[in-house]
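Structure at a glance
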Amino acid sequence: MSLQNYRGFGRDAWLLVAYSFASAFGGNIAWFIFPFYLKSLGFDYTNIGVVFSLSTLAQAAVLLFSGPFGARVGYKRTVLLGVGMMFLGRLAQVLHPTLWMLALGGVLIGMGMALESPSFMALLSGEVEDGKRHYLFSLSSGIGTIASALGILVAGFLSRWLSYGGVFSLVLVVIPIRFAIVLFVRPVLERHSGGLNFDRSLLVRIGRFALPGALIGLGAGIAIPYMGLWFNQRFGTSLESIGWLFAFQQFIMGIGMFLLPMIADRFGSVKTIVSFNGTASLLIGALPFSPAFPVAAVIYILRTILMNIVNPIWNSFMMGFFEEEERSTAMALNSLAWTATFGVGQYVGGVLFDMSLVWPFLITALLYGLSMAVFWGFFGKMRDG
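Thresholds applied
- Residues numbered from 1 in each chain as written.
- Predicted model: local features only at pLDDT ≥ 70, side-chain atom pairs only at ≥ 80, totals over all residues.
- Heavy atoms only, no water.
- Helix = DSSP H or I, 4+ residues; strand = E, 2+ residues; numbered from the N terminus.
- Buried < 20%, exposed > 50% of the residue type's maximum accessible area, 1.4 Å probe, protein only.
- Contact = heavy atoms within 4.5 Å.
- Salt bridge = Lys/Arg side-chain N within 4 Å of Asp/Glu carboxyl O.
- Domains from an automatic or database assignment.
- Buried area = accessible area lost by both parts, 1.4 Å probe.
- Polar contact = N/O pair within 3.5 Å; in protein donor to acceptor, adjacent residues only side chain to side chain.
- Nonpolar A, V, L, I, M, F, W, Y, C, P; charged D, E, K, R; others polar.
- Axes fitted to C-alpha atoms, helices over the stretch in contact; angles between N-to-C directions.
- Left-handed = near helix turned anticlockwise from the far one by under 90°.
- Core = buried A, V, L, I, M, F, W, Y, C linked by side-chain atoms within 4.5 Å.
- Parallel < 35°, antiparallel > 145°, perpendicular 65-115°, else oblique.
- Phe/Tyr/Trp six-rings, centres within 6.5 Å; stacked < 30°, edge-to-face > 60°.
- Lys NZ or Arg CZ within 6 Å of the ring centre and 35° of its normal.

Turning to the environment of A296, a few remarks are in order. Counting through the fold element by element, A296 comes out in helix 12 (residues 293-308). Take A296: its relative accessible area is 0%, and that puts it in the buried class. For the pair A296 and M262, spaced 34 residues apart in the sequence, the C-alpha separation amounts to 30 Å. In this view, A296 contacts W230, F231, F235, L287 and S290; residues no more than four positions away in its chain are not counted.

Taken as a whole and judged by the stated rule, the model has four salt bridges. Here the residues in one salt-bridge network are R11, D12 and R186, joined through shared partners.

Further remarks concern the domain arrangement of the chain. Under the domain assignment, the chain is made up of domain 1 (11-190) and domain 2 (199-380). Each of domain 1 and domain 2 has a C-alpha centre, and these two points are 18 Å apart. Note on domain 1 versus domain 2: buried area summed over both sides is about 4,400 Å², and carbon and sulfur give 71% of it. Of all residues in domain 1, F36, Y45 and H134 give up the largest surface area on contact with domain 2, accounting jointly for 16% of the area buried on that side. Along the contact surface separating domain 1 from domain 2 lie one salt bridge. With a closest N to O distance of 3.4 Å, E240 and R160 form a salt bridge. Here domain 1 is connected to domain 2 by six residue pairs in polar contact (both at pLDDT 80 or more). Considering every element that reaches the side of domain 1 that touches domain 2, the biggest residue donor is helix 2 (residues 45-73), with 17 residues. The residue inventory of the side of domain 1 that touches domain 2, partitioned by class, reads 29 nonpolar, 17 polar and five charged.

Between helix 5 (residues 133-158) and helix 13 (residues 311-319), whose axes approach to 9 Å, the crossing angle comes to 145°. Helix 13 is crossed by helix 5, and the crossing has right-handed handedness. Along its contact with helix 5, which presents R133, H134, F137, S138 and S141, the element helix 13 presents P312, I313, N315, S316 and M319. Of the residues belonging to the contact of helix 5 with helix 13, the class tally is four nonpolar, five polar and one charged.

Next up on the list: the nonpolar core. In terms of nonpolar packing, the biggest core is built from 111 residues, with F32, M227, F231, F246 and F375 touching the most fellow members. Broken down by element, the residue count for this core peaks at 14 residues, all from helix 1 (residues 11-40). Taken domain by domain, the makeup of this core includes at least three residues from each of domain 1 (11-190) and domain 2 (199-380). For F375, the contacting residues outside a window of four places in its chain are F209, P212, V270, I273, V274, W314, F317 and G380. Residues L215, L352, L367 and V374 belong to the second largest nonpolar core, which totals five residues.

Further remarks concern the side chain of N315. As for its position among the elements, N315 is in helix 13. According to the relative accessible area criterion, N315 is buried, its value standing at 18%. Setting aside chain neighbours within four positions, we find N315 in contact with M121, F137 and M331.

Another aspect to go through is the side chain of Q93. Its place among the elements puts Q93 in helix 3 (residues 75-95). A residue is classified by how much of its surface remains accessible, and Q93, at 1% relative accessible area, is buried. Here the side chain of Q93 touches R90 through a polar contact of 2.9 Å, side chain to side chain. Q93 has contacts with F34, Y37, M101, L102, G105, G106, I109 and F168, leaving out every residue within four places of it along the chain.

What follows deals with the packing of helix 1 against helix 10 (residues 239-267). One can describe the packing of helix 1 onto helix 10 by two numbers: an axis separation of 11 Å at closest approach and a directional angle of 150°. By the angle between their directions, the pair helix 1 and helix 10 is classed as roughly antiparallel. Considering how the two elements wind past one another, helix 1 and helix 10 form a crossing that is right-handed. Of the residues in helix 10, those touching helix 1 at W31, F32, I33 and F36 are L239, I242, G243 and F246.

Here the focus is the environment of I284. If you trace the backbone, I284 turns up in helix 11 (residues 269-286). For I284, a relative accessible area of 0% gives the class buried. C-alpha separation for the pair I284 and A60, spaced 224 residues apart in sequence, amounts to 26 Å. With residues up to four places along the chain from it excluded, the contact list for I284 reads I224, R303, F361, T364, A365 and Y368.

Applying the stated criterion to the full structure yields 35 aromatic pairs. Measuring from centroid to centroid gives 5.4 Å for F317 and F379, while their planes differ by 85°, and the two rings are edge-to-face. Residue F317 is found in helix 13, and its partner F379 is found in helix 15 (residues 359-379); the two are separated by 62 residues along the sequence. You can call F379 buried: its relative accessible area is 0%. Its end group placed over the ring of Y45, K39 keeps NZ or CZ at 4.6 Å from the ring centre.

Structure (C-alpha cells):
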C-alpha cells in the first residue's frame, strides 16, 4: 500500500475533508483560548471544570439518541442542525460571559456536537469503499489536525493584540463557513427509515469499543483540558509559547496521520493502536516530573501524537464491524461512552488541579493503560492487517 491510496476520492469526500479543515481551525481557536478567557474572567479551576463538564454531559445526554436520529432524519440535515446549535452556544458565550451563560452556551455546544459528530462520520464513511476507508478517515483527520495547528497559532499570535474575548469571538466567523460547506454535500444515504434492531449482537459490538473508550475519556477529562494552564502555572510559560508548542504538536501529528494507514496495513490496526496508546500512557505519567519546560514540551508532544494519531485508525476499524445504517448509532453510542466519562473527568480534574499539579497525570496514565489492556483483551487475537 502507498500514498496512491489517497487518490480517487469523489467531490463530496473532498467537501467533507474541507469541512474537517474549517471545523478544526475554528474549534481549536476556541479550545486553546477558552481556558485563558475563563481565567481572565476570574474563575478558578473548579468553576472552569463546571463549565467544561456541563457542556460535555449535555453532549453525552444527546448522544443517547443522536445516532438513530441522524439515520432517520438524514445525516446531512443532522450535521446542519448541530452546527447551528454550536453557533448559538458560542454566541451566548461571547455576548454575555457570566458563569451561567457560559455554561448554557456550553450546553448548546455539547448538544450540537452530539448531533454533528456521529452523522459527519457516517457521511464520511459512505463516501468510500471499505478497503480505503482508513485512508479517507486519515486524510480527513490529518487535514483537520493541520488546521488545528493553524487555529492554535492564530489564537496565540492574536492574543498579543486582542483580548482573550476578542480572540475567542473569531469562531463566530468560522462556524457559518462549516454550515455552507455541508450544504453542498450530496449524501450517499440520505436517511434510513426503518428502525434499528438493538439486539444483543449490536450491543455487544458497540460495548467492545465503548468500554476502552470510556476509560480513555475519563483519563483525558482529568488532565487534558488543563494542559495550557498547567504549563503556565508550573513553568511560567507565556501564552504565545504554549500556542507554538500545541501548534507544532498538531502539525507533526497531522503529517503523521497520512503515513499511519500504511503502518496499520503492515502491522494491523489492533497492534498499531495498542502500541501507540500504550506508549503514550507511560509518557503522560512521566510528564509532571519534568524538571523544565523544554523537557515537558518534548514529552507532551510525543504523548499527544502517540495518543491521538491513531484515532482515524480506531474509527475506521470500528466502522468495519457495522452495517451502513448502524454506523451513526454505533459512533454515537461509542462517543457517548467517551464523552460521559470525559465530562465527569473534567470536573474531577478541576478539583484535583486545585490540590495538586502531579496526581491528575498519574491517574490519567493509569486509566489509559487499563483501557489498552481491555482493548487488547477484546481484539488482540484478531488478524486485521
